[in-house]
Structure formats: structure tokens, C-alpha cells
Amino acid sequence: MHLRRYLKYNLLMKIDWTNKDEVLEAVSREGNFLINASDELKADRDVVLAAVQDYGVAIDHASIELKKDISCAAYAVSQNSEALKFITIDGSNEKEFWLYTVNLNSSRISVTPDSLINKDFVNELLHKNNYDSSKDSIPNHFFGILRHKGSIIRHAPYQIKNNKDAVLAATL
């Protein structure tokens, strides 16, 4: 453990926090290093995405604009739901944000506001996962969603409600 801390400290000392390439490499390894980046790089979408994919809570150190960015926020929350404390999604983008987030990480359906979950929301999730109601197959990702929030099945199409594997996933 001491060696890891030493190597981390050593890496911190050698980085030019204004150099995009160096910062990208650093935050890709340790997302929380975003705190050390220059303000210009905290506003750089590539840098912030690299950081939050490693450590979602690093969004706290991003620029205000990127805390409002749907994809940056979705990647942050998909990595760590604690990132919800640091993002700013306005009401008009809330549904899009949650669809994006749940598609990145099915377990985040458990923190999706119930007020958003309805037939349209479920149909959009299915559409984004290439669901075809004429076929008898349900996207694997949707099974993950059902396992994390089984009550969502009540908003699903008839074919899913009558699929024994889907019902089983929703009740586990």
C-alpha cells in the first residue's frame, strides 16, 4: 500500500497540469486527479470524460458547463451514483439524462426518479437497446434493468410482461 501511495505522489509531482495529454493520461488512471488540472482543462470535455469514467465523483471538479452536460453527467453517475450530488441537469433534459445513464449502467435505474418511469420511458429504453417486439427476444441490458427495479415491468409491452424470464428477473 505504501508503494502505491508513493507512486501516486511521484506521478502527481511530474505532471504539467496545463498539458492536456499529460492530464488526460493522469485522470484516466486516477480520476480524482482532475482536482489538480488547470481551469481550462477542467472545462475540457475529453479530460472530464476520462476522469469521470474512472471516478464519477470527479465531476465535482469539472467546470459548471460540464456539470450540466448530459453525457459527462451520465458517465459520472453511471460510474458512481454519489456523483448526483455534483451535477446540474435541468428539468427539460432530465428524461434524456436518465435514459443515457441507465443505458450506460442498468443498476442506475434504482436511483432514477419514479416520476420519470412510465410507459414512454420504458419504450425508449427498449428502443435504445434495439428491442423488436415482433421477435421473441428481450435485450440482455433490459434484464439487468428488471433485476434492479422489477416494478418497471408494469410499464413494459405485453410481450415482456408475458415472458417468464422477464417476470422472473423482475421478481428477484
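Calculation rules
- Residues numbered from 1 in each chain as written.
- Predicted model: local features only at pLDDT ≥ 70, side-chain atom pairs only at ≥ 80, totals over all residues.
- Heavy atoms only, no water.
- Salt bridge = Lys/Arg side-chain N within 4 Å of Asp/Glu carboxyl O.
- Helix = DSSP H or I, 4+ residues; strand = E, 2+ residues; numbered from the N terminus.
- Buried < 20%, exposed > 50% of the residue type's maximum accessible area, 1.4 Å probe, protein only.
- Axes fitted to C-alpha atoms, helices over the stretch in contact; angles between N-to-C directions.
- Parallel < 35°, antiparallel > 145°, perpendicular 65-115°, else oblique.
- Left-handed = near helix turned anticlockwise from the far one by under 90°.
- Contact = heavy atoms within 4.5 Å.
- Polar contact = N/O pair within 3.5 Å; in protein donor to acceptor, adjacent residues only side chain to side chain.

What follows is about the pattern of salt bridges. A pair can form between side chains of opposite charge whenever their charged atoms are brought close. Throughout the structure, instances matching the rule amount to eight salt bridges. With a shortest N-O distance of 3.1 Å, Lys20 and Asp46 are connected by a salt bridge. Of this pair, Lys20 sits in helix H2 (residues 20-29) while Asp46 sits in helix H4 (residues 45-54), and the two are 26 residues apart along the sequence. Residue classification places Lys20 among the partly exposed positions, given a relative accessible area of 30%. Classification of Asp46 as partly exposed rests on a relative accessible area of 43%. Between Asp60 and Lys67 there is a salt bridge whose closest N-O contact spans 3.8 Å.

Examined against the element boundaries, Glu96 turns out to sit in helix H7 (residues 94-104). Take Glu96: its relative accessible area is 47%, and that puts it in the partly exposed class. Sequence-wise, Glu96 and Ala169 are 73 residues apart; in three dimensions their C-alpha atoms are separated by 25 Å.

Okay, the packing of H7 against helix H8 (residues 119-128) next. Axes are the key here: two packed helices are described by the angle between their axes and the distance separating the axes. Where H7 meets H8, the axes come as close as 10 Å, and the angle between the chain directions of the two elements is 45°. The pairing of H7 with H8 is recorded here as oblique in orientation. In this structure, H7 meets H8 at a crossing whose hand is right-handed. Along its contact with H7, which presents Lys95, Trp98, Leu99, Val102 and Asn103, the element H8 presents Asp120, Phe121, Glu124, Leu125 and Lys128.

With that settled, the discussion passes to the environment of Asn80. Mapped onto the elements, Asn80 comes out in the loop between helix H6 (70-79) and H7. Sequence separation of Asn80 and Asn93 is 13 residues, and the distance between their C-alpha atoms is 20 Å. Setting aside anything within four residues of it in sequence, one finds Asn80 in contact with Gly56, Val57 and Arg108. Separated by 2.8 Å, the side chain of Asn80 and the backbone nitrogen of Glu82 make a polar contact.

That is the geometry; function is a separate question.
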